[in-house]
Amino acid sequence: LTLPLLSVTFLVSFGSSMLYGYNLAVVNSPAVDIKAFYNDTWSRRYGHGLSPSLLTLLYSLTVSIFALGGLVGSLLVGVLVERYGRNGALSRSALLILLAAGLMGFSRELGSPEMLIIGRAITGIHSGICLSVVPLYVGEIAPKNLRGFLGLMPSIFICLGVFFTQLLALPELLGKLFLSVVAVPASLQLLLLHCFPESPRYLLIERNDVCGATKALRWFLGTPDVQDVIKEMKEEQRSLSSVEMVSVWQLLRDRSVRWQTLSVVVVNAGIWFYTNTIFENAGIPMSQIPYTTLGTGSVEIVAGLVG
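Computed from a predicted structure; not experimentally measured.

Reading the values: rules and limits
- Residues numbered from 1 in each chain as written.
- Predicted model: local features only at pLDDT ≥ 70, side-chain atom pairs only at ≥ 80, totals over all residues.
- Heavy atoms only, no water.
- Helix = DSSP H or I, 4+ residues; strand = E, 2+ residues; numbered from the N terminus.
- Rg over C-alpha atoms; globule rule 2.2 N^0.38 Å.
- Contact = heavy atoms within 4.5 Å.
- Areas by Shrake-Rupley, 256 points an atom, 1.4 Å probe, with all protein chains shown as cover.
- Domains from an automatic or database assignment.
- Buried area = accessible area lost by both parts, 1.4 Å probe.
- Salt bridge = Lys/Arg side-chain N within 4 Å of Asp/Glu carboxyl O.
- Polar contact = N/O pair within 3.5 Å; in protein donor to acceptor, adjacent residues only side chain to side chain.
- Nonpolar A, V, L, I, M, F, W, Y, C, P; charged D, E, K, R; others polar.
- Patch = residues over 30% accessible without salt bridge, like charges linked within 9 Å, V, L, I, M, F, W, Y side chains within 5 Å.
- Buried < 20%, exposed > 50% of the residue type's maximum accessible area, 1.4 Å probe, protein only.
- Axes fitted to C-alpha atoms, helices over the stretch in contact; angles between N-to-C directions.
- Parallel < 35°, antiparallel > 145°, perpendicular 65-115°, else oblique.
- Core = buried A, V, L, I, M, F, W, Y, C linked by side-chain atoms within 4.5 Å.

### Quick look at the overall build of the protein
The helix and strand inventory of the protein stands at 13 helices and zero strands. Starting at the N terminus and ending at the C terminus, the protein contains elements arranged as α-α-α-α-α-α-α-α-α-α-α-α-α. For the protein, the C-alpha radius of gyration of 22 Å lies close to 19 Å, the compact-globule estimate for 307 residues. Expressed along its principal axes, the backbone C-alpha trace of the protein runs to roughly 70 × 40 × 40 Å. The contacts in the protein between residues at least 6 apart in sequence include a share of 77% that link residues at least 24 apart. A total of about 16300 Å² of accessible surface is found on the protein, and carbon and sulfur atoms cover 66% of it.

### Some thoughts on the domain arrangement of the protein
Think of interface size as the accessible area that goes away when the parts come together; that is how it is often given. Here the protein is partitioned into domain 1 (3–196) and domain 2 (245–306). For domain 1 versus domain 2, the distance between C-alpha centres works out to 17 Å. Counting each side, the surface lost to burial between domain 1 and domain 2 is near 1700 Å², with a carbon and sulfur contribution of 69%. Looking at the side of domain 1 facing domain 2, the largest losses of area belong to Leu24, Asn28 and Gln166, adding up to 30% of the total buried there. Applying the counting rule to domain 1 against domain 2 returns zero salt bridges. Along the contact surface separating domain 1 from domain 2 lie two residue pairs in polar contact (both at pLDDT 80 or more). Of all the secondary structure elements, the ones that give two or more residues to the side of domain 1 that touches domain 2 are helix 3 (52–107) and helix 5 (147–168). The element contributing the most residues to the side of domain 1 that touches domain 2 is helix 5, with seven residues. For the side of domain 1 that touches domain 2, the per-class residue count stands at 14 nonpolar, four polar and two charged.

### A look at a nonpolar patch on the surface
On the surface, a nonpolar cluster with roughly 640 Å² of combined accessible area is contributed by Leu68, Leu71, Leu75, Val248, Trp249 and Leu252. Taken together, the elements giving at least two residues each to the nonpolar patch come down to helix 3 and helix 10 (248–253). The topology assignment puts Leu252 in helix 10. Residue classification places Leu252 among the partly exposed residues on the basis of a relative accessible area of 47%.

### What about the pattern of salt bridges?
Across all of its chains, the model carries six salt bridges by this definition. With a shortest N-O distance of 3.0 Å, Arg86 and Glu206 are connected by a salt bridge. One end of the pair, Arg86, is in helix 3; the other, Glu206, is in helix 7 (residues 200–206), and 120 residues separate them in sequence. Judged by its relative accessible area of 2%, Arg86 is buried. Measuring nitrogen to oxygen at the nearest pair gives 3.3 Å for the salt bridge that ties Lys144 to Glu232. Placement of Lys144 in the loop between helix 4 (113–141) and helix 5 and of Glu232 in helix 9 (residues 227–240) is noted, with a sequence separation of 88 residues between them. Of the residues examined, Lys144 reaches a relative accessible area of 57% and is grouped as exposed. Beyond isolated ion pairs, a larger network of salt bridges with shared partners links Arg86, Glu140, Arg201, Glu206 and Glu236.

### What to know about unusual backbone geometry
A positive phi is found at Asn208, a non-glycine position, where the angle reads about 55 degrees. For Asn208, a relative accessible area of 55% puts it in the exposed group.

### A closer look at the packing of helix 2 (residues 31–46) against helix 4
For the pair helix 2 and helix 4, the least separation of the axes is 10 Å and the interaxial angle reads 140 degrees. As the angle between them shows, helix 2 and helix 4 are arranged oblique. Where helix 2 abuts helix 4, its residues Ile34, Phe37, Tyr38, Thr41 and Arg45 lie against Pro113, Glu114, Leu116 and Ile117. Grouping the amino acids of the contact of helix 2 with helix 4 by side-chain chemistry returns six nonpolar, one polar and two charged.

### Considering the nonpolar core
Among the nonpolar cores identified, the biggest contains 25 residues, and Val27, Ile34, Tyr38, Tyr59, Leu116 and Val182 are the most heavily contacted of them. Within the residue set of this core, elements represented by two or more residues are helix 1 (3–25), helix 2, helix 3 and helix 4. When residues of this core are assigned to their parent elements, the largest contribution, nine residues, is made by helix 3. Setting aside anything within four residues of it in sequence, one finds Ile34 in contact with Val27, Tyr59 and Leu116.

And the structure:
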C-alpha cells in the first residue's frame, strides 16, 4: 500500500463519493426552511401563498430531481470515461458541483426556487457520474491484493457524507444546512487531482499508450518493475477485443441476466430523503429526531468499516 495509492483513493472518495452521501440527505433536515422559502417567494411574486398540495409538490420535485439527475449522469459515464479517462471525468465532474453550489447558494438572495431545483438536478448528474467512475478508477489503479480494501473506501465516504449532513443539522451546530458547502470538497479535488496519473489500464487498453501506462504504474505501485502487470493488461486487451459491448437498454432486455439485474436494483433501493418525516410519524419527539438520524448515520459508518 503506497502513499500515492492511498492519497488518490482518499481524494476521490472525499471529493466525489462523500458528496453523493451529503447531497443524498441534505434536503431532509431543512425541509421546513425550504418550504418556507418557496412559500415566501411565491407570495412576493403572486400576492398569495402556495396551497399545501402545491408546496408539497415543489418540495418533492426538489428532492426527487436529484435522483433523475443521477440517472442522466450514470448514462453519461460511458462516453465520459472513454473520451476523458477516469481521472479526467472526475476532474470535469467537479465543475458541475461548483456550478450547482453557486446556483443553490444564491437562490435565496435572488429569490429563485428554480435555481435551487436546477442546482439539485446538477448535483444529481455529478453523483450519477461519480458513483460509477470513482470505483472504476480506484479498482484500476489498485493491485489485486488491495482492490477489496481500497474499493470499500468510496462506500465508507458515502456513509460519512450522510453522517456529516446529520451532524451539521444538530441545533448545537449549524441547525440549518447550507447546500453550497459541497463546493469545498469539489474544489479540493479539482485542484489536486491533476497531480495524479490517469488509470494505467485506460492508458494501455483504450489509448494504447504503453509508455504512459508504465509510468503511471510505477508511480502508483512505487516500484520500477511493472512488466508483469503490463503483460497481464495486454492479455486482457486481447481478450476484450473479441467481446461485444452491451448497452444499458440491451442489458435491461436480456432475459439471461434478468435476476442478476433485479438483485442489483433491490440491493441498491433505500429510503434516505424523508427520514425526519418517518421518525416524526413514528412518534419520536421533534427535539430528538436530529439525534435519531445521527444514530442511523453512525450505524452506517460502523457497518462500512466492518465490511
